[in-house]
Amino acid sequence: MNSVTVVLVALGGYRNISLRIMHSLLERIKGVNVHTIFFKDFEGRFFSHPTKKEKELFQEVINKLKPDLVGFSATYPYFPMSKTLIKIVRTCSPSSLIILGGVYPTVDPEQCIKESDMLCVGEGEGVIIELVEALRDKKPYHSVGSLWVRHDEKVIMNPMRPLLLDLDSLPFPSYGNPSYYFINKNKLTRKDSVLSNNELYLITSRGCPFVCSYCINSLLRQVFKGLGPYTRRRSVDSIIKEIKENLNLPGSGTNYIYFFDEVFSSDEKWLDEFCSQYKQEIGLPFQVSYNPKELSDVIVKKLVNVGLDAINFGIQSGSDYIRNHIFNRAGKNREIIDFARKISRYKIIMRHDMILDNPYETEENLKEAVDLLLHLPKELSMNLYSLQFFPNHPLTKKAVSDKRIVPIDTTDDSAIEKTAKNLGFVPTLLPYTRKMALQNIIWLIAGNHIKDSLVRYGVFGSSWGSRLCFFYMNFKAVILGKIIGEGGIMERSRFSVYFMKTMNYFIKGDFNGFWIRVKRRLRYQDSN
């Protein structure tokens, strides 16, 4: 039998579940030698360009493997990095065919096909199987469904295939695989650090029932329209089996499960089955994500009884108007406050997401956000993001039409990379505006760096003292942001971070809070 060598390339994160599944899938096919290169790991959202040494290491692996096919999983923020590595492949292995797949080629194939020989437009499992088997058997592949192929100076654009309905038919992600290569921080290693990590990321579904205007799902729903149900879920049996398989792997450090779905299930029958099996057969603490509109007190109680440790749900904006009419996301502040207070009775962690740097938000909208955060149970656990505009998204089109932003240039690599560099919100002093100052104060509240009473006085008061307090809080946010904020001095030194947080607990005399923090850190800490 003929053989074919395939190299998959994951960019920006070692956890890449999709490519780990793809690797497992290709290992099922006779005559296929598959390897995966995980290039760069931005777990802390510290984006950095590939160094000269890292590019040399990548080239060495390509030279060693001599692949027939190189497949890149491409997202918009890392697309320039894809192009850099593609040039290396073209130079050192000119006979290798290159295929791009993933979210960005699916939503902007016209731009992506310029850089590769082929594109997978849509879900890739069926595409990669047919393509690789054709290459192995030396048969034509130009009519494979969902595949775009450059051929004789033309592009063959095959129709998209239906969505995969049976998610249980897919193999589990592969961990600790001897065919893996990891390149980061000028080093190449074969050891899979994700395997020994305490936290197992697991996806139970595909798709999202919501169409938030800033989210890729609002665009993918349009792309996949008419190709089958967009939201699909695995069986409970499949999920339990995957967890057990991971726990039994040599070197597995898993003691916590993160269900990495857009929205965890709210189906009563499925949840009852999950709760029963998970409690009996797994029993590890876990966290889930929900839209507040999908979550009920009954669901929370069921999940808490079987190990729920944390719930992530997105506030996204503290303004009902922005959330409902600009972000196309349901929910009112009053509902969020009421539900957060109900959840707080269960003594589990609530993590909230909020998006700032929004050109549609006014000072009044941000004051609404401040008021919302002041009413939430303390202490807060929040992720603050800076709004990024991606090509073809509904919010991007609206913002361009409303002249809130300039049209996106998808050929400007530096502008593309900013969507990765600027993802997290960072307090800024200049140019000074009251709107920016309010966002900085929100950062203080979200990080539990300021007393609620001081915030009320400074933001909602009208005296000279209130104004001075407002300026003080803004200045404090900027200074703290430089020291302990995302990308700040302390965050780049792990020891310094732990020391400062420890001292903060001891100064407050909060020894119980300190011990809780230590236990959480031990849970998430990579055993490496």
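Residues numbered from 1 in each chain as written. Predicted model: local features only at pLDDT ≥ 70, side-chain atom pairs only at ≥ 80, totals over all residues. Heavy atoms only, no water.

Trainee: Can you tell me about the environment of Glu 199, naming the residues and giving the values?
Mentor: Mapped onto the secondary structure, Glu 199 falls in strand 10 (residues 199-202). On the basis of relative accessibility, which here comes to 7%, the residue Glu 199 falls in the buried class. Spatially, the C-alpha atoms of Glu 199 and Tyr 258 are 6.7 Å apart, while their sequence positions differ by 59 residues. (Helix = DSSP H or I, 4+ residues; strand = E, 2+ residues; numbered from the N terminus. Buried < 20%, exposed > 50% of the residue type's maximum accessible area, 1.4 Å probe, protein only.)

Trainee: Please provide a residue-by-residue account of the packing of aromatic side chains, values included.
Mentor: Scanning all chains against the criterion turns up 28 aromatic pairs. Considering the side-chain rings of Phe 259 and Phe 264, the 5.2 Å spacing of their centres and the 40 degrees angle between planes classify their relative orientation as tilted. Phe 264 matches Phe 259 in its accessibility class, with the two residues each being buried. An angle of 85 degrees between the planes, with centres 6.2 Å apart, marks the rings of Phe 264 and Tyr 290 as edge-to-face. (Phe/Tyr/Trp six-rings, centres within 6.5 Å; stacked < 30°, edge-to-face > 60°.)

Trainee: Explain the pattern of salt bridges to me, and be specific about the residues and the numbers.
Mentor: The final tally for this structure, using the stated rule, is 20 salt bridges. Arg 20 is paired through a salt bridge with Asp 192; the nearest N and O atoms lie 2.8 Å apart. Taken together, the positions of Arg 20 in helix 1 (residues 17-27) and Asp 192 in the loop between strand 9 (187-189) and helix 7 (193-196) put the pair 172 residues apart, joining distant regions of the chain. Arg 20 gets classed as buried once you look at its relative accessible area, which sits at 0%. One continuous salt-bridge network, built from bridges that share partners, spans Glu 123, Glu 125, Arg 206 and Arg 232. (Salt bridge = Lys/Arg side-chain N within 4 Å of Asp/Glu carboxyl O.)

Trainee: Help me get a handle on the state of the cysteines, residues and values and all.
Mentor: A full pass over the atoms with the stated rule returns zero disulfides. Between Cys 208, a cysteine without a disulfide, and Cys 215, which holds the nearest cysteine sulfur, the sulfur-to-sulfur distance is 6.1 Å. (Disulfide = S-S within 2.5 Å.)

Trainee: Account for the nonpolar core, with residues named and values stated.
Mentor: Counting 118 residues, the largest nonpolar core has Phe 259, Phe 274, Tyr 278, Phe 286 and Leu 303 as the members making the most contacts within it. Per-element accounting of this core gives the leading share, nine residues, to helix 17 (residues 434-446). Excluding anything up to four places from it in sequence, Phe 259 contacts Leu 202, Thr 204, Ile 239, Ile 243, Phe 264, Phe 274, Tyr 278, Phe 286, Gln 287, Val 288 and Ser 289. Among the nonpolar cores identified, the runner-up in size contains 43 residues, and Val 9, Phe 58, Ile 62 and Phe 79 belong to it. (Core = buried A, V, L, I, M, F, W, Y, C linked by side-chain atoms within 4.5 Å. Contact = heavy atoms within 4.5 Å.)

Trainee: Which residues make up helix 15 (residues 394-401), and what values do they have?
Mentor: Owing to its 3.6 residues per turn, the α-helix aligns residues three or four sequence positions apart on the same side. Within helix 15, burial applies to Leu 395, Thr 396 and Ala 399. Projected down its long axis, helix 15 carries its buried residues within an arc of 100 degrees, all on one side. Of the residues in helix 15, the exposed ones pointing more than 90 degrees away from the buried face are Lys 397 and Ser 401. Those residues of helix 15 that are buried are in contact with helix 12 (320-326). Phi turns positive, to about 60 degrees, at Lys 403, one or two residues after helix 15. (Arc of directions from axis to C-beta.)

Trainee: So what's going on with unusual backbone geometry? Residues and values would help.
Mentor: Following Lys 378, the chain continues into Glu 379 via a peptide bond in cis, with omega recorded as 0 degrees. Turning to its location among the elements, Glu 379 is positioned in the loop between helix 14 (363-375) and strand 17 (381-386). The amide bond that connects Leu 430 to the next residue, Pro 431, takes the cis arrangement and shows omega of -5 degrees. The phi torsion at Lys 403 lies on the positive side, around 60 degrees, for a residue other than glycine. Counting through the fold element by element, Lys 403 comes out in the loop between helix 15 and helix 16 (413-421).

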